[in-house]
Amino acid sequence: MHTLRGMSVPVLHLVSRLWVGGSERQFIERLRAHPPGYAPVVACLELSGGNLAEFLSLGLPAPELFDLRGSLLKLNTLAQVARLARLIRRRGVKLLHATDFVSNFMGFLAARAAGVPVVVSRADLGHLRDGFGVWHRRVEKWMSHHADAVCANAERVRRLCIEEEGSAPERTFVVRNGLDLRRFDALAARPLQGMLRPGRPLVTVVANLWPVKGHRVLIEAIAAVHARRPEVRFALVGDGSERLFLERRIAELGLGDAVALLGTRYDVPAILARADAACLPSLAEGLPNAVMEAMAAGLPVVATAVGGTPELVIPGETGLLVPPGSAAELAEALLEVLADPVHASWMGARGRRLIARDYSLDALAGAHGALYGAVRAGRVQSQALLGEQALRP
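What counts and what doesn't
- Residues numbered from 1 in each chain as written.
- Predicted model: local features only at pLDDT ≥ 70, side-chain atom pairs only at ≥ 80, totals over all residues.
- Heavy atoms only, no water.
- Helix = DSSP H or I, 4+ residues; strand = E, 2+ residues; numbered from the N terminus.
- Buried < 20%, exposed > 50% of the residue type's maximum accessible area, 1.4 Å probe, protein only.
- Contact = heavy atoms within 4.5 Å.
- Areas by Shrake-Rupley, 256 points an atom, 1.4 Å probe, with all protein chains shown as cover.
- Lys, Arg positive; Asp, Glu negative; His and termini not counted.
- Charge placed at Lys NZ, Arg CZ, Asp CG, Glu CD.
- Polar contact = N/O pair within 3.5 Å; in protein donor to acceptor, adjacent residues only side chain to side chain.
- Phe/Tyr/Trp six-rings, centres within 6.5 Å; stacked < 30°, edge-to-face > 60°.
- Lys NZ or Arg CZ within 6 Å of the ring centre and 35° of its normal.
- Pairing = 2+ DSSP bridges.
- Axes fitted to C-alpha atoms, helices over the stretch in contact; angles between N-to-C directions.
- Core = buried A, V, L, I, M, F, W, Y, C linked by side-chain atoms within 4.5 Å.
- Arc of directions from axis to C-beta.
- Parallel < 35°, antiparallel > 145°, perpendicular 65-115°, else oblique.
- Left-handed = near helix turned anticlockwise from the far one by under 90°.
- Nonpolar A, V, L, I, M, F, W, Y, C, P; charged D, E, K, R; others polar.

Novice: For this particular structure, what's the right way to read the overall build of the chain?
Specialist: A count of helical and extended segments in the chain gives 14 helices and 13 strands. Once the C-alpha set of the chain is aligned to its principal axes, its extents read approximately 65 × 40 × 40 Å. Sorting the 393 residues of the chain into buried and exposed places 54% on the buried side. Of all intrachain contacts in the chain linking residues separated by at least 6 positions in sequence, the fraction that spans at least 24 positions is 70%. In the form shown here, the chain has an accessible surface area of approximately 16600 Å², with 56% of it arising from carbon and sulfur atoms. Positive and negative side-chain charges of the chain, numbering 46 and 38 respectively, have mean locations separated by a distance of 7 Å.

Structure, rendered in structure tokens:
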């Protein structure tokens, strides 16, 4: 529960919706670890999703709703921008922090209309997602270039914003994802909420079934692992557009006993607590929550060396890294980890310590507090100095 002091600076947090995903999860952690001296005001564009109950458990007031009615390409979008600007003025908001592509766009326009600084968030490398085309990338680059600050979740993402999108280095910040270990451990100790096929060793893969997550490569790697270690079981958590293809390919390769597609699950910590290793075969990433949670569970991680993943997975210490798109190398890394349970356990323990040390909610709150302070100071000074750049990270 949040206790808001009268002197706190109101910050408007805007999110598209509370679906199951990394950005939505970190939106909730951002609120859970809100920096002292700043009062959260929450708004969303769609009041739905698997993380809605988690948001409501924070004890914050219900979010203000700004319904886009399914599309940005309607006059209603301008009406919602105007409503957002009125909310900013009415609540005395001093800064707007958006979360994803659509909320970045809406938040940017509303903040400019209301005359307050805006922070846009970037949690990936600008890769094309389902429904995300070339014009989306152009708008994304434009926002990175013109926002008061860009909040990236990994050094690799920050570099992309600077080198490819024209974001000024002095206003492009890294705020790494955070994880509440105490809460995670409590969830890990709970009973499973659904089926988990018996069999060991067990490798978990927590990722929505989208092309960028690399499941097609994963299935080919699993076939190679199965040929040499037929007792290994894989539990794939998540759902998405790739499901039908993966089901067909699993059947073609005769992997029905080795691979379970569990769909969307809300007991991920409990699943990880029953696993021996974790894998993330993504073709592109930001700073993956799935890897953080696997490390929090004390699991060694086999992952692709993309985005911010190498900031978490240190080869030989917290897991193994392989190039994206290589089923053969992914299979060999999985077999290597599974062949030495003692070393695997040691790597898992190292990963757990890394999360506790560098990815706590205290670290998250401190980083956001520093970001907000720098943005507000930069805004005031830049106005006083007639546009001279004064923001310093």
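Read on, since the account is not over.
Novice: Explain the environment of Leu18 to me, please; I cannot follow it from the model alone.
Specialist: Along the chain, Leu18 falls in the loop between β1 (9–15) and α1 (22–32). Through-space distance from the C-alpha of Leu18 to that of Arg30 is 13 Å; in sequence the pair is 12 residues apart. Discounting residues that sit within four places of it in the chain, Leu18 has contacts with Glu24, Phe27, Ile28, Glu46, Ser48, Gly49, Gly50, Asn51, Leu52 and Phe55.

Novice: Would you mind going over the environment of Ser16 with me for this structure?
Specialist: Relative to the assigned elements, Ser16 resides in the loop between β1 and α1. Owing to a relative accessible area of 11%, Ser16 belongs among the buried residues under this scheme. Sequence separation of Ser16 and Leu320 is 304 residues, and the distance between their C-alpha atoms is 34 Å. Side-chain polar atoms of Ser16 contact the side chain of Asp100, separated by 2.6 Å.

Novice: Would you explain the packing of aromatic side chains in this entry?
Specialist: The way to describe two aromatic rings as a pair is by their centre distance and the angle between their planes. One pass over the structure, following the stated rule, counts three aromatic pairs. The ring of Phe108 has Arg112 lying over it, and the distance from NZ or CZ to the ring centre is 4.7 Å. Residue placement shows Arg216 over the ring face of Phe245; its charged tip is 3.6 Å from the ring centre.

Novice: Which parts of the structure should I look at to understand the sheet that holds strand β11 (residues 277–280)?
Specialist: Two modes of strand pairing occur in sheets, parallel and antiparallel, and in both the strands are linked by backbone hydrogen bonds. With parallel pairing, six strands are arranged side by side in an open sheet as β10-β9-β8-β11-β12-β13. Edge strands, defined here as strands with exactly one partner in the open sheet, are β10 (259–263) and β13 (319–322). Averaged over all pairs of adjacent strands, the angle between strand axes in this sheet comes to 20 degrees, irrespective of strand direction. Lying on the sheet, helix α12 (residues 327–339) is in contact with β8 (202–206), β9 (233–237), β11, β12 (301–304) and β13; it crosses β13 at an angle near 170 degrees.

Novice: In this structure, what is going on with the nonpolar core? I would like to understand it.
Specialist: Looking at soluble globular proteins, one finds that nonpolar side chains tend to be buried together. Ranked by size, the top nonpolar core spans 66 residues in total, and within it Leu12, Leu84, Ile88, Met106, Val301, Leu312 and Ile355 carry the most contacts. Residues Phe234, Leu255, Leu320 and Val337 belong to the second largest nonpolar core, which totals 31 residues.

Novice: What should I look at first to understand helix α6 (residues 155–165) in this one?
Specialist: Residues spaced three or four apart along an α-helix point in a common direction, a consequence of the helix completing one turn every 3.6 residues. Listing the buried residues of α6 in full gives Val157, Arg158, Leu160, Cys161 and Glu165. What you see down the axis of α6 is that its buried residues fit within an arc of 160 degrees, all on one side. Trailing α6 by a residue or two, Gly166 shows a phi angle of about 80 degrees, which is positive.

Novice: Teacher, can you tell me more about the packing of helix α11 (residues 289–296) against helix α13 (residues 341–358) here?
Specialist: When two helices pack together, their arrangement is given by the angle between their axes and by how far apart the axes lie. α13 packs onto α11 with a crossing angle of 115 degrees between their chain directions and a minimal axis gap of 7 Å. Accordingly, the angle class assigned to the pair α11 and α13 is roughly perpendicular. In this structure, the crossing between α11 and α13 has a hand that is left-handed. On α13, the residues that touch Met292, Met295 and Ala296 of α11 are Gly348, Gly351, Arg352, Leu354 and Ile355. Residue composition of the contact of α11 with α13, grouped by class: five nonpolar, two polar and one charged.

Read these as layout, nothing more, since geometry by itself doesn't imply function.
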